[in-house]
Amino acid sequence: MFTSRDSVLCESAARSPLVAYPYIYELDTWVWIDELGRRSGETMRLADVPGEEWDAIAALGFDAVWLMGVWERSPAGIAIALANDGLMESFRRALPDLTTADVVGSPYCIRDYTVAAHPGGTEGLAAAREALGQRGLKLILDFVPNHVAPDHPWTSTHPEYFVGGSEDDLARDPVSFVKVGERVLANGRDPYFPAWPDVVQLNAFSSDLRGAVVDTLGSIAEQCDGVRCDMAMLTMNDVFERTWGGRAGPRPADDYWPTVIGAVRGTYPGFVFLAEAYWDLEYALQQQGFDYCYDKSLYDRLAHQDAESVYGHLSGDTGYQQKLVRFIENHDEPRAAATFAPAKARAAAVTTLSQTGARLVHEGQLDGRKVQLPVFLARRPDEPRDADLHAFYERLLAALEDPVFRTGAWQLGGRSGWEGNDTWGNLVCWGWRDDAPRKLVVVNLGETRAEGHVSLPWDDLRGREWRLADGLGDAVYERSGDDLRGGLYVALDPWGSNLFDLTPHPGKD
(Lines give C-alpha, C1' and ligand atoms only; values in the text may rest on other atoms or scores of the structure.)
Protein backbone atom coordinates (compact mmCIF):
# COMPACT_ATOMS: atom_id res chain seq x y z
CA MET A 1 0.00 0.00 0.00
CA PHE A 2 1.09 3.60 -0.41
CA THR A 3 3.06 5.29 2.34
CA SER A 4 1.60 8.01 4.51
CA ARG A 5 3.37 11.32 4.57
CA ASP A 6 6.29 11.00 6.91
CA SER A 7 7.21 13.94 9.13
CA VAL A 8 10.89 13.06 8.85
CA LEU A 9 10.86 14.12 5.20
CA CYS A 10 11.17 17.70 4.02
CA GLU A 11 8.29 19.06 1.97
CA SER A 12 9.31 19.61 -1.66
CA ALA A 13 7.20 22.77 -1.70
CA ALA A 14 9.57 24.30 0.85
CA ARG A 15 12.60 23.79 -1.38
CA SER A 16 13.92 26.05 -4.07
CA PRO A 17 12.73 25.12 -7.59
CA LEU A 18 14.74 23.17 -10.12
CA VAL A 19 16.64 25.40 -12.54
CA ALA A 20 14.92 26.10 -15.86
CA TYR A 21 17.22 23.89 -17.97
CA PRO A 22 18.67 21.24 -15.65
CA TYR A 23 21.33 18.59 -16.05
CA ILE A 24 19.99 15.29 -14.68
CA TYR A 25 22.07 12.23 -13.76
CA GLU A 26 20.36 8.82 -13.89
CA LEU A 27 21.53 6.14 -11.46
CA ASP A 28 20.40 2.51 -11.46
CA THR A 29 20.06 2.59 -7.67
CA TRP A 30 20.30 -1.14 -6.92
CA VAL A 31 23.33 -1.72 -9.16
CA TRP A 32 25.08 1.44 -7.98
CA ILE A 33 24.85 0.88 -4.23
CA ASP A 34 25.76 -2.80 -4.57
CA GLU A 35 28.92 -1.88 -6.47
CA LEU A 36 29.79 0.70 -3.81
CA GLY A 37 29.26 -2.00 -1.21
CA ARG A 38 31.50 -4.51 -2.96
CA ARG A 39 34.25 -1.90 -3.21
CA SER A 40 33.98 -1.08 0.49
CA GLY A 41 33.52 -4.67 1.62
CA GLU A 42 30.33 -3.76 3.48
CA THR A 43 26.60 -3.84 2.82
CA MET A 44 25.62 -0.48 1.38
CA ARG A 45 22.33 1.38 1.67
CA LEU A 46 21.52 4.89 0.49
CA ALA A 47 22.14 6.26 3.98
CA ASP A 48 25.63 4.72 3.90
CA VAL A 49 26.78 6.21 0.58
CA PRO A 50 30.03 8.06 1.31
CA GLY A 51 29.87 11.81 0.95
CA GLU A 52 32.61 11.75 -1.66
CA GLU A 53 30.32 9.80 -4.01
CA TRP A 54 27.69 12.55 -3.88
CA ASP A 55 30.51 15.12 -4.11
CA ALA A 56 31.75 13.53 -7.33
CA ILE A 57 28.31 13.79 -8.94
CA ALA A 58 27.89 17.39 -7.81
CA ALA A 59 31.39 18.28 -9.05
CA LEU A 60 30.41 17.27 -12.58
CA GLY A 61 27.82 20.03 -12.57
CA PHE A 62 24.55 18.11 -12.33
CA ASP A 63 21.44 19.79 -10.96
CA ALA A 64 19.41 16.68 -10.12
CA VAL A 65 19.84 12.94 -9.60
CA TRP A 66 17.26 10.45 -10.81
CA LEU A 67 17.42 7.46 -8.47
CA MET A 68 15.86 4.90 -10.77
CA GLY A 69 14.25 1.92 -9.07
CA VAL A 70 13.80 2.74 -5.37
CA TRP A 71 10.22 1.44 -4.97
CA GLU A 72 9.25 -2.03 -3.77
CA ARG A 73 9.50 -4.56 -6.57
CA SER A 74 7.15 -7.44 -7.13
CA PRO A 75 7.87 -11.04 -6.06
CA ALA A 76 5.20 -12.13 -8.53
CA GLY A 77 7.00 -10.18 -11.25
CA ILE A 78 10.29 -11.87 -10.40
CA ALA A 79 8.68 -15.30 -10.70
CA ILE A 80 7.22 -14.36 -14.09
CA ALA A 81 10.61 -13.13 -15.31
CA LEU A 82 12.42 -16.27 -14.16
CA ALA A 83 9.92 -18.41 -16.07
CA ASN A 84 10.21 -16.35 -19.27
CA ASP A 85 12.77 -17.93 -21.60
CA GLY A 86 13.08 -14.84 -23.77
CA LEU A 87 13.77 -12.57 -20.81
CA MET A 88 16.26 -14.97 -19.30
CA GLU A 89 18.13 -15.21 -22.59
CA SER A 90 18.36 -11.39 -22.76
CA PHE A 91 19.65 -11.37 -19.18
CA ARG A 92 22.40 -13.88 -20.05
CA ARG A 93 23.46 -11.85 -23.09
CA ALA A 94 24.07 -8.87 -20.84
CA LEU A 95 25.51 -10.86 -17.92
CA PRO A 96 27.00 -14.19 -19.05
CA ASP A 97 27.56 -15.45 -15.48
CA LEU A 98 23.96 -14.71 -14.49
CA THR A 99 22.51 -16.40 -11.41
CA THR A 100 18.89 -16.35 -10.29
CA ALA A 101 19.93 -14.11 -7.38
CA ASP A 102 20.82 -11.42 -9.93
CA VAL A 103 17.17 -11.21 -11.06
CA VAL A 104 15.60 -8.78 -8.61
CA GLY A 105 12.59 -7.74 -10.69
CA SER A 106 11.70 -4.79 -12.85
CA PRO A 107 11.58 -1.38 -11.15
CA TYR A 108 8.56 -0.73 -13.40
CA CYS A 109 6.67 -3.72 -11.99
CA ILE A 110 5.87 -1.97 -8.75
CA ARG A 111 4.25 -3.80 -5.88
CA ASP A 112 4.11 -0.73 -3.67
CA TYR A 113 5.20 2.90 -3.74
CA THR A 114 7.11 2.31 -0.53
CA VAL A 115 10.88 2.62 -0.63
CA ALA A 116 12.23 -0.91 -0.80
CA ALA A 117 14.34 -2.40 1.97
CA HIS A 118 17.35 -2.90 -0.31
CA PRO A 119 18.16 0.81 -0.77
CA GLY A 120 17.40 1.40 2.91
CA GLY A 121 13.68 2.15 3.11
CA THR A 122 12.17 5.54 3.75
CA GLU A 123 14.99 6.61 6.05
CA GLY A 124 17.62 5.71 3.49
CA LEU A 125 15.91 7.74 0.79
CA ALA A 126 15.53 10.68 3.18
CA ALA A 127 19.26 10.53 3.93
CA ALA A 128 20.09 10.51 0.22
CA ARG A 129 17.81 13.46 -0.41
CA GLU A 130 19.40 15.37 2.44
CA ALA A 131 22.89 14.61 1.11
CA LEU A 132 21.89 15.77 -2.35
CA GLY A 133 20.24 18.90 -0.99
CA GLN A 134 23.37 19.85 0.91
CA ARG A 135 25.14 19.88 -2.45
CA GLY A 136 22.43 21.83 -4.25
CA LEU A 137 21.02 18.82 -6.14
CA LYS A 138 17.37 17.85 -6.54
CA LEU A 139 15.97 14.32 -6.41
CA ILE A 140 13.88 12.70 -9.16
CA LEU A 141 12.05 9.38 -8.66
CA ASP A 142 9.92 7.07 -10.82
CA PHE A 143 6.18 6.99 -11.27
CA VAL A 144 4.41 4.43 -13.48
CA PRO A 145 0.90 5.63 -14.39
CA ASN A 146 -0.15 2.82 -16.72
CA HIS A 147 0.19 -0.33 -14.63
CA VAL A 148 1.19 -2.00 -11.37
CA ALA A 149 2.33 -5.48 -10.38
CA PRO A 150 -0.28 -8.27 -10.10
CA ASP A 151 0.44 -8.54 -6.37
CA HIS A 152 -0.13 -4.83 -5.74
CA PRO A 153 -2.65 -4.38 -2.89
CA TRP A 154 -5.07 -2.55 -5.19
CA THR A 155 -5.76 -5.72 -7.16
CA SER A 156 -7.65 -7.07 -4.15
CA THR A 157 -8.81 -3.89 -2.41
CA HIS A 158 -9.78 -1.81 -5.45
CA PRO A 159 -10.45 -3.99 -8.48
CA GLU A 160 -12.46 -1.09 -9.95
CA TYR A 161 -9.14 0.68 -10.60
CA PHE A 162 -8.26 -1.85 -13.32
CA VAL A 163 -9.26 -2.84 -16.83
CA GLY A 164 -10.99 -6.15 -16.37
CA GLY A 165 -11.67 -9.17 -18.50
CA SER A 166 -13.69 -12.36 -18.49
CA GLU A 167 -12.91 -16.05 -18.28
CA ASP A 168 -13.57 -16.19 -22.02
CA ASP A 169 -10.98 -13.43 -22.58
CA LEU A 170 -8.44 -15.37 -20.53
CA ALA A 171 -9.10 -18.59 -22.43
CA ARG A 172 -8.97 -16.86 -25.81
CA ASP A 173 -5.93 -14.63 -25.13
CA PRO A 174 -3.87 -15.76 -22.12
CA VAL A 175 -1.05 -13.43 -23.18
CA SER A 176 -3.22 -10.35 -22.65
CA PHE A 177 -5.20 -11.39 -19.56
CA VAL A 178 -4.33 -12.89 -16.21
CA LYS A 179 -6.21 -14.36 -13.25
CA VAL A 180 -5.53 -12.39 -10.07
CA GLY A 181 -7.37 -13.93 -7.14
CA GLU A 182 -10.94 -14.48 -8.29
CA ARG A 183 -10.82 -11.84 -11.03
CA VAL A 184 -9.51 -11.67 -14.58
CA LEU A 185 -7.53 -8.50 -15.26
CA ALA A 186 -5.93 -7.19 -18.43
CA ASN A 187 -2.16 -7.18 -18.59
CA GLY A 188 -0.58 -3.78 -19.11
CA ARG A 189 0.22 -2.85 -22.70
CA ASP A 190 0.64 -0.14 -25.27
CA PRO A 191 -1.37 -0.22 -28.51
CA TYR A 192 1.51 -1.35 -30.72
CA PHE A 193 2.98 -4.36 -28.90
CA PRO A 194 1.86 -7.51 -27.09
CA ALA A 195 0.93 -7.15 -23.44
CA TRP A 196 3.58 -7.12 -20.72
CA PRO A 197 3.19 -10.38 -18.78
CA ASP A 198 4.31 -9.08 -15.37
CA VAL A 199 1.95 -6.10 -14.89
CA VAL A 200 -1.80 -5.41 -14.83
CA GLN A 201 -3.53 -2.51 -16.51
CA LEU A 202 -4.84 0.47 -14.56
CA ASN A 203 -7.99 2.14 -15.92
CA ALA A 204 -7.01 5.72 -16.67
CA PHE A 205 -10.67 6.60 -17.30
CA SER A 206 -11.67 5.75 -13.71
CA SER A 207 -12.26 8.84 -11.57
CA ASP A 208 -11.61 6.76 -8.47
CA LEU A 209 -8.23 5.71 -9.83
CA ARG A 210 -7.34 9.29 -10.69
CA GLY A 211 -8.08 10.33 -7.13
CA ALA A 212 -5.87 7.53 -5.80
CA VAL A 213 -3.09 8.56 -8.20
CA VAL A 214 -3.23 12.12 -6.87
CA ASP A 215 -2.86 10.78 -3.33
CA THR A 216 0.01 8.54 -4.43
CA LEU A 217 1.85 11.39 -6.11
CA GLY A 218 1.28 13.53 -3.02
CA SER A 219 3.04 10.86 -0.97
CA ILE A 220 5.88 10.72 -3.51
CA ALA A 221 6.15 14.53 -3.56
CA GLU A 222 6.92 14.45 0.16
CA GLN A 223 10.03 12.41 -0.65
CA CYS A 224 11.52 14.06 -3.74
CA ASP A 225 11.44 17.06 -6.06
CA GLY A 226 9.96 15.50 -9.18
CA VAL A 227 8.96 12.35 -11.00
CA ARG A 228 9.91 10.75 -14.28
CA CYS A 229 6.61 9.31 -15.54
CA ASP A 230 7.06 6.03 -17.38
CA MET A 231 5.37 5.82 -20.81
CA ALA A 232 3.32 8.90 -19.93
CA MET A 233 1.42 9.03 -23.22
CA LEU A 234 -0.36 5.72 -22.52
CA THR A 235 -2.84 7.34 -20.11
CA MET A 236 -3.79 10.24 -22.39
CA ASN A 237 -7.48 9.98 -23.27
CA ASP A 238 -6.92 9.56 -27.01
CA VAL A 239 -4.27 6.86 -26.62
CA PHE A 240 -6.10 5.03 -23.84
CA GLU A 241 -9.34 4.95 -25.80
CA ARG A 242 -7.54 3.64 -28.87
CA THR A 243 -5.86 0.93 -26.80
CA TRP A 244 -8.81 -0.27 -24.73
CA GLY A 245 -11.99 0.88 -26.45
CA GLY A 246 -15.16 0.01 -24.56
CA ARG A 247 -13.37 -2.06 -21.91
CA ALA A 248 -12.38 1.13 -20.10
CA GLY A 249 -15.89 2.54 -19.89
CA PRO A 250 -16.98 6.05 -20.89
CA ARG A 251 -14.28 8.49 -21.87
CA PRO A 252 -14.02 11.33 -19.31
CA ALA A 253 -14.44 14.93 -20.43
CA ASP A 254 -11.13 15.89 -18.81
CA ASP A 255 -7.83 14.32 -19.81
CA TYR A 256 -5.79 12.29 -17.34
CA TRP A 257 -2.70 14.45 -16.95
CA PRO A 258 -4.26 17.91 -16.55
CA THR A 259 -6.50 16.41 -13.85
CA VAL A 260 -3.66 14.70 -12.00
CA ILE A 261 -0.94 17.32 -12.42
CA GLY A 262 -3.27 20.17 -11.57
CA ALA A 263 -4.37 18.49 -8.34
CA VAL A 264 -0.81 17.65 -7.25
CA ARG A 265 0.44 21.15 -7.97
CA GLY A 266 -2.32 22.58 -5.83
CA THR A 267 -0.31 21.33 -2.85
CA TYR A 268 3.18 21.06 -4.37
CA PRO A 269 3.47 23.94 -6.85
CA GLY A 270 7.16 23.37 -7.57
CA PHE A 271 6.92 19.64 -8.14
CA VAL A 272 8.48 18.62 -11.47
CA PHE A 273 6.81 16.28 -13.96
CA LEU A 274 9.07 14.69 -16.59
CA ALA A 275 7.51 12.44 -19.25
CA GLU A 276 8.94 9.47 -21.04
CA ALA A 277 7.10 10.15 -24.28
CA TYR A 278 7.10 8.92 -27.87
CA TRP A 279 4.91 8.95 -31.02
CA ASP A 280 5.21 12.75 -31.53
CA LEU A 281 3.05 13.37 -28.46
CA GLU A 282 5.64 15.48 -26.67
CA TYR A 283 3.98 18.79 -27.47
CA ALA A 284 0.56 17.54 -26.40
CA LEU A 285 1.99 16.35 -23.08
CA GLN A 286 3.71 19.69 -22.56
CA GLN A 287 0.35 21.37 -23.06
CA GLN A 288 -1.16 19.00 -20.50
CA GLY A 289 1.23 20.13 -17.79
CA PHE A 290 4.55 18.35 -18.16
CA ASP A 291 7.67 20.39 -17.49
CA TYR A 292 9.82 18.21 -19.76
CA CYS A 293 9.30 15.39 -22.27
CA TYR A 294 11.78 12.95 -23.77
CA ASP A 295 13.24 14.10 -27.08
CA LYS A 296 13.51 10.72 -28.78
CA SER A 297 13.34 12.48 -32.13
CA LEU A 298 16.67 14.22 -31.61
CA TYR A 299 18.24 10.96 -30.46
CA ASP A 300 17.00 9.10 -33.55
CA ARG A 301 18.16 11.86 -35.88
CA LEU A 302 21.63 11.92 -34.34
CA ALA A 303 21.90 8.13 -34.45
CA HIS A 304 20.40 7.43 -37.85
CA GLN A 305 19.96 10.61 -39.91
CA ASP A 306 21.99 13.60 -41.08
CA ALA A 307 22.77 17.15 -39.97
CA GLU A 308 19.94 18.61 -42.03
CA SER A 309 17.47 16.45 -40.14
CA VAL A 310 18.93 17.55 -36.80
CA TYR A 311 18.85 21.20 -37.85
CA GLY A 312 15.24 20.88 -38.97
CA HIS A 313 14.26 19.43 -35.60
CA LEU A 314 16.03 22.23 -33.72
CA SER A 315 14.22 24.79 -35.88
CA GLY A 316 10.96 24.05 -34.06
CA ASP A 317 9.26 26.49 -31.73
CA THR A 318 11.62 27.65 -28.97
CA GLY A 319 9.01 27.17 -26.26
CA TYR A 320 8.68 23.55 -27.35
CA GLN A 321 12.46 23.08 -27.41
CA GLN A 322 12.79 24.42 -23.87
CA LYS A 323 10.63 21.60 -22.49
CA LEU A 324 12.40 18.64 -24.09
CA VAL A 325 14.79 16.16 -22.43
CA ARG A 326 17.92 15.63 -24.53
CA PHE A 327 19.96 12.43 -24.27
CA ILE A 328 22.10 9.97 -26.19
CA GLU A 329 21.44 7.13 -23.78
CA ASN A 330 19.28 6.11 -20.82
CA HIS A 331 18.28 2.74 -19.40
CA ASP A 332 15.78 2.17 -22.26
CA GLU A 333 18.28 2.88 -25.06
CA PRO A 334 21.48 1.08 -26.03
CA ARG A 335 24.63 2.50 -24.54
CA ALA A 336 25.98 5.45 -26.53
CA ALA A 337 29.43 3.88 -26.78
CA ALA A 338 27.84 0.85 -28.45
CA THR A 339 25.60 2.92 -30.74
CA PHE A 340 27.88 5.67 -32.03
CA ALA A 341 31.40 5.49 -33.39
CA PRO A 342 33.79 7.22 -30.94
CA ALA A 343 34.12 10.57 -32.72
CA LYS A 344 30.42 10.68 -33.58
CA ALA A 345 29.54 9.92 -29.95
CA ARG A 346 31.42 13.03 -28.85
CA ALA A 347 29.69 15.20 -31.43
CA ALA A 348 26.33 13.81 -30.33
CA ALA A 349 27.20 14.51 -26.68
CA VAL A 350 28.08 18.13 -27.41
CA THR A 351 24.89 18.51 -29.45
CA THR A 352 22.57 17.15 -26.78
CA LEU A 353 24.20 18.55 -23.68
CA SER A 354 24.48 22.12 -24.98
CA GLN A 355 20.85 22.33 -26.13
CA THR A 356 18.08 24.13 -24.34
CA GLY A 357 15.69 22.04 -22.25
CA ALA A 358 16.65 19.36 -19.72
CA ARG A 359 19.77 17.28 -20.38
CA LEU A 360 19.99 13.65 -19.20
CA VAL A 361 23.19 11.68 -18.61
CA HIS A 362 23.15 7.99 -17.70
CA GLU A 363 25.62 6.63 -15.13
CA GLY A 364 28.31 4.75 -17.04
CA GLN A 365 27.94 6.94 -20.12
CA LEU A 366 30.95 9.03 -19.14
CA ASP A 367 33.10 5.90 -18.82
CA GLY A 368 32.12 4.37 -22.16
CA ARG A 369 30.15 1.40 -20.87
CA LYS A 370 28.73 -0.62 -23.77
CA VAL A 371 26.43 -3.21 -22.16
CA GLN A 372 22.80 -2.15 -21.86
CA LEU A 373 21.78 -3.81 -18.63
CA PRO A 374 18.20 -5.11 -18.34
CA VAL A 375 16.53 -3.23 -15.49
CA PHE A 376 15.58 -6.56 -13.87
CA LEU A 377 19.21 -7.24 -12.87
CA ALA A 378 21.09 -6.27 -9.73
CA ARG A 379 24.56 -6.78 -11.18
CA ARG A 380 26.34 -5.80 -14.38
CA PRO A 381 29.50 -7.10 -16.02
CA ASP A 382 32.82 -5.44 -15.43
CA GLU A 383 33.86 -3.18 -18.30
CA PRO A 384 37.08 -1.22 -18.78
CA ARG A 385 36.84 2.52 -18.29
CA ASP A 386 37.51 4.64 -21.38
CA ALA A 387 39.84 7.19 -19.80
CA ASP A 388 39.97 9.39 -22.91
CA LEU A 389 36.18 9.54 -23.14
CA HIS A 390 35.90 10.32 -19.43
CA ALA A 391 38.41 13.17 -19.82
CA PHE A 392 36.37 14.49 -22.76
CA TYR A 393 33.17 14.49 -20.70
CA GLU A 394 34.90 16.17 -17.78
CA ARG A 395 36.04 18.97 -20.04
CA LEU A 396 32.63 19.26 -21.73
CA LEU A 397 30.73 19.34 -18.45
CA ALA A 398 33.17 21.89 -17.05
CA ALA A 399 32.52 24.11 -20.08
CA LEU A 400 28.78 23.72 -19.48
CA GLU A 401 28.94 24.78 -15.83
CA ASP A 402 28.27 28.41 -16.76
CA PRO A 403 24.81 29.38 -15.43
CA VAL A 404 23.85 30.67 -18.88
CA PHE A 405 23.22 27.03 -19.92
CA ARG A 406 20.67 26.68 -17.12
CA THR A 407 18.90 30.04 -17.06
CA GLY A 408 19.91 31.90 -20.22
CA ALA A 409 18.25 32.37 -23.59
CA TRP A 410 19.00 29.83 -26.35
CA GLN A 411 18.65 30.55 -30.05
CA LEU A 412 19.41 28.48 -33.11
CA GLY A 413 22.05 29.97 -35.38
CA GLY A 414 22.28 30.19 -39.14
CA ARG A 415 24.68 28.43 -41.50
CA SER A 416 25.56 28.87 -45.16
CA GLY A 417 28.23 28.07 -47.73
CA TRP A 418 29.36 29.07 -51.16
CA GLU A 419 29.33 27.71 -54.67
CA GLY A 420 31.23 24.47 -54.99
CA ASN A 421 31.12 23.74 -51.26
CA ASP A 422 28.30 21.61 -49.91
CA THR A 423 30.06 20.50 -46.72
CA TRP A 424 28.52 23.45 -44.83
CA GLY A 425 25.29 21.45 -44.68
CA ASN A 426 26.89 19.25 -42.01
CA LEU A 427 27.32 22.22 -39.67
CA VAL A 428 24.80 23.05 -36.96
CA CYS A 429 25.13 25.90 -34.50
CA TRP A 430 23.31 27.70 -31.70
CA GLY A 431 23.97 30.35 -29.11
CA TRP A 432 23.25 31.16 -25.48
CA ARG A 433 23.13 34.58 -23.87
CA ASP A 434 22.35 36.21 -20.55
CA ASP A 435 23.16 39.59 -19.10
CA ALA A 436 26.86 39.09 -19.75
CA PRO A 437 27.88 35.55 -20.79
CA ARG A 438 27.41 34.52 -24.41
CA LYS A 439 28.18 31.20 -26.04
CA LEU A 440 28.48 29.90 -29.58
CA VAL A 441 28.34 26.15 -30.19
CA VAL A 442 29.25 24.74 -33.61
CA VAL A 443 29.22 21.02 -34.44
CA ASN A 444 30.13 19.13 -37.59
CA LEU A 445 27.64 16.25 -37.81
CA GLY A 446 29.38 14.66 -40.76
CA GLU A 447 32.14 12.18 -41.47
CA THR A 448 34.13 14.58 -43.66
CA ARG A 449 35.73 17.96 -42.97
CA ALA A 450 33.16 20.76 -43.12
CA GLU A 451 33.62 24.46 -43.97
CA GLY A 452 31.04 27.20 -43.98
CA HIS A 453 29.70 30.35 -42.41
CA VAL A 454 27.75 30.38 -39.15
CA SER A 455 25.90 33.28 -37.58
CA LEU A 456 24.05 34.25 -34.42
CA PRO A 457 20.78 36.23 -34.51
CA TRP A 458 21.94 39.05 -32.22
CA ASP A 459 22.27 42.49 -33.81
CA ASP A 460 24.21 43.92 -30.87
CA LEU A 461 27.19 41.78 -31.85
CA ARG A 462 27.94 44.24 -34.63
CA GLY A 463 30.38 47.10 -34.38
CA ARG A 464 32.89 45.54 -31.98
CA GLU A 465 35.57 42.88 -31.80
CA TRP A 466 34.98 39.68 -29.89
CA ARG A 467 37.27 37.15 -28.24
CA LEU A 468 36.28 33.51 -28.91
CA ALA A 469 37.78 30.99 -26.45
CA ASP A 470 37.01 27.32 -27.11
CA GLY A 471 35.94 25.50 -23.96
CA LEU A 472 36.61 22.15 -25.64
CA GLY A 473 40.17 22.99 -26.64
CA ASP A 474 42.82 25.64 -26.25
CA ALA A 475 42.11 27.77 -29.30
CA VAL A 476 41.44 31.50 -28.88
CA TYR A 477 40.43 33.79 -31.74
CA GLU A 478 39.61 37.44 -32.26
CA ARG A 479 36.73 38.01 -34.65
CA SER A 480 34.52 40.83 -35.85
CA GLY A 481 31.01 41.07 -34.45
CA ASP A 482 29.85 41.82 -37.98
CA ASP A 483 31.06 38.35 -38.97
CA LEU A 484 29.43 36.73 -35.96
CA ARG A 485 26.15 38.31 -36.96
CA GLY A 486 26.46 37.99 -40.71
CA GLY A 487 28.59 34.89 -41.29
CA LEU A 488 31.68 33.66 -39.44
CA TYR A 489 33.98 31.29 -41.32
CA VAL A 490 34.48 27.96 -39.55
CA ALA A 491 36.21 24.73 -40.51
CA LEU A 492 35.81 21.55 -38.47
CA ASP A 493 37.23 18.07 -38.81
CA PRO A 494 34.80 15.13 -39.08
CA TRP A 495 32.52 15.13 -36.01
CA GLY A 496 34.42 18.12 -34.64
CA SER A 497 32.96 20.80 -32.41
CA ASN A 498 33.64 24.15 -30.78
CA LEU A 499 32.05 25.58 -27.67
CA PHE A 500 33.08 29.21 -27.72
CA ASP A 501 32.91 31.67 -24.87
CA LEU A 502 32.22 35.07 -26.44
CA THR A 503 33.54 38.16 -24.67
CA PRO A 504 33.99 41.69 -26.04
CA HIS A 505 37.64 42.37 -26.77
CA PRO A 506 38.83 45.07 -24.38
CA GLY A 507 39.85 48.27 -26.10
CA LYS A 508 38.56 47.20 -29.50
CA ASP A 509 34.95 48.42 -29.44
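The structure this text deals with has already been given above.
The notes below deal with the structure included here. Note that the structure is a prediction, hence the values are computed from the model and not measured.

Reading the values: the criteria
- Every chain is numbered independently, its residues counted from 1 as its sequence is written.
- Confidence filtering applies because this is a predicted model: local features only for residues at pLDDT of at least 70, side-chain atom pairs given and counted only at 80 or more, and all residues used for totals across whole chains, interfaces and linings.
- The basis for every side-chain value is the complete set of non-hydrogen atoms in the structure, without hydrogens or water.
- In the sections that follow, a salt bridge refers to a side-chain nitrogen of Lys or Arg positioned within 4 Å of a carboxyl oxygen of Asp or Glu.
- Secondary structure is summarised from DSSP: a helix means a run of H or I of at least four residues, a strand means a run of E of at least two, and numbering begins at the N terminus for each.
- For the exposure calls, accessible area comes from a 1.4 Å probe over protein chains only, and a residue counts as buried if that area is under 20% of its type's maximum, exposed if over 50%, partly exposed in between.
- Grouping buried Ala, Val, Leu, Ile, Met, Phe, Trp, Tyr and Cys residues that are joined through side-chain atoms within 4.5 Å yields what is termed a nonpolar core.
- Residues are treated as being in contact if the distance between any of their heavy atoms lies within 4.5 Å.
- At least two bridges found by DSSP between two strands is the condition for calling them paired.
- A fitted line through C-alpha atoms represents every axis, and for helices the fit uses only the stretch in contact; the resulting angles, taken between N-to-C directions, go from 0 to 180 degrees.
- Just so you know how the angles are binned, under 35 degrees is roughly parallel, over 145 roughly antiparallel, 65 to 115 roughly perpendicular, and the rest oblique.
- Each crossing gets its hand from how the near helix is turned against the far one by less than a right angle, where anticlockwise is left-handed and clockwise is right-handed.
- Three residue categories are used. Nonpolar comprises Ala, Val, Leu, Ile, Met, Phe, Trp, Tyr, Cys and Pro, charged comprises Asp, Glu, Lys and Arg, and polar comprises the others, including Gly.
- Aromatic contacts are taken between Phe, Tyr and Trp rings whose centres are within 6.5 Å, Trp giving its six-membered ring; a plane angle under 30 degrees counts as stacked, one over 60 as edge-to-face, and the others as tilted.
- Consider the ring centre and the ring normal. A charge sits over the ring if Lys NZ or Arg CZ is within 6 Å of that centre and within 35 degrees of that normal.

## Some words on the pattern of salt bridges
Summed over all chains, the structure comprises 33 salt bridges. Ionic pairing is found between Arg172 and Asp169, a salt bridge with its closest N-O pair at 2.9 Å. Residue Arg172 and its partner Asp169 are both found in helix α7 (residues 167-172); the two are separated by 3 residues, about one turn of the helix. When its relative accessible area of 55% is taken as the criterion, Arg172 is described as exposed. The partner of Glu241 in a salt bridge is Arg251, and the shortest N-O contact between them spans 2.9 Å. Remark: Arg251 occurs in the loop between α9 (237-244) and α10 (256-267) and Glu241 occurs in helix α9; sequence separation between them is 10 residues. Given a relative accessible area of 36%, Glu241 falls into the partly exposed group. On the basis of relative accessible area, Arg251 is assigned to the partly exposed category, the value being 37%. Salt bridges sharing partners connect three or more residues here, namely Arg228, Asp230, Glu276 and Asp332.

## Topic: the nonpolar core
Buried together is how nonpolar side chains tend to be arranged in soluble globular proteins. By size, the foremost hydrophobic cluster in this structure holds 143 residues, and its most contacted members are Leu67, Phe143, Trp257, Leu285, Phe290 and Leu396. At 7 residues, the largest contribution of residues to this core is made by helix α8 (residues 207-221). When sequence neighbours within four positions are dropped, the list of residues in contact with Leu285 reads Ala232, Met233, Met236, Trp257, Ala275, Ala277, Phe290 and Cys293. Grouped together as the second largest cluster of nonpolar side chains are 17 residues, Leu440, Ala450, Leu461 and Leu492 included.

## Focus: unusual backbone geometry
The phi torsion at Asp280 lies on the positive side, around 60 degrees, for a residue other than glycine. Locating Asp280 in the fold gives a position in the loop between β11 (272-275) and α11 (282-287). Even without glycine at this site, Trp495 takes up a positive phi of about 60 degrees. Relative to the elements of secondary structure, Trp495 occurs in the loop between β22 (488-492) and β23 (497-504).

## Quick word on the sheet that holds strand β20 (residues 465-470)
If you walk across this open sheet you meet the 6 strands as β15-β17-β18-β23-β20-β21, and the pairing is antiparallel. Only two strands of the sheet have a single partner each, and these edge strands are β15 (409-412) and β21 (476-480). The mean angle between the axes of side-by-side strands here comes to 25 degrees, regardless of whether they run parallel or antiparallel. Here strand β17 (residues 427-433) runs beside strand β18 (residues 438-444); their pairing, made up of 7 bridges, is antiparallel. If you follow Val428 over to β18, its bridge partner there is Val443. Together, β17, β18 and β23 form the strand contacts of helix α16 (residues 342-353), whose direction differs from that of β18 by roughly 145 degrees.

## Looking at the packing of helix α12 (residues 296-304) against helix α13 (residues 307-314)
Interhelical geometry of α12 versus α13 gives an angle of 165 degrees and a closest axis separation of 8 Å. One element, α12, and the other, α13, form an angle in the roughly antiparallel class. Read as a crossing pair, α12 and α13 show a hand that is left-handed. Listed contacts from α13 to Ser297, Leu298, Arg301 and Leu302 of α12 are Ser309, Val310 and His313. Among the residues forming the contact of α12 with α13, the class breakdown is 3 nonpolar, 3 polar and 1 charged.

## Here we look at the pairing of β18
Taking burial as the measure, the 7 residues of β18 include 7 buried ones, the bulk of the element. Burial along β18 is two-sided: Arg438, Leu440, Val442 and Asn444 and Lys439, Val441 and Val443, pointing in opposite directions, are all buried. Where β17 folds back on β18, the antiparallel hairpin that results is connected by 4 residues. Bridge analysis of β18 against β23 gives 6 bridges, and the strand direction is antiparallel. What sits directly across from Arg438, in β23, is Leu502.

## With respect to the packing of aromatic side chains
Scanning the entire structure with this criterion turns up 22 aromatic pairs. Measuring from centroid to centroid gives 4.9 Å for Tyr192 and Trp279, while their planes differ by 85 degrees, and the two rings are edge-to-face. Of the two residues, Tyr192 sits in the loop between β8 (183-186) and β9 (200-201) while Trp279 sits in the loop between β11 and α11, which places them 87 residues apart along the sequence. With a centroid separation of 4.8 Å and an interplanar angle of 85 degrees, the aromatic rings of Tyr256 and Trp257 are classed as edge-to-face. A relative accessible area of 0% means that Trp257 is categorised as buried. These aromatic residues form a ring-pair network of at least three members: Tyr256, Trp257, Phe271, Phe273 and Phe290. Here the basic side chain of Arg359 rests over the ring of Tyr23, its NZ or CZ set 3.9 Å away from the ring centre.

## Focus: the packing of helix α1 (residues 29-40) against helix α2 (residues 51-59)
At their nearest, the axes of α1 and α2 sit 12 Å apart, and the two run at 130 degrees to each other. Taken together, the axis directions place α1 and α2 in an arrangement best described as oblique. In the packing of α1 onto α2, the handedness of the crossing is right-handed. Across the interface between the two elements, Trp32, Leu36 and Arg39 from α1 touch Glu53, Trp54 and Ile57 from α2. Here the contact of α1 with α2 is built from residues that sort into 4 nonpolar, no polar and 2 charged.

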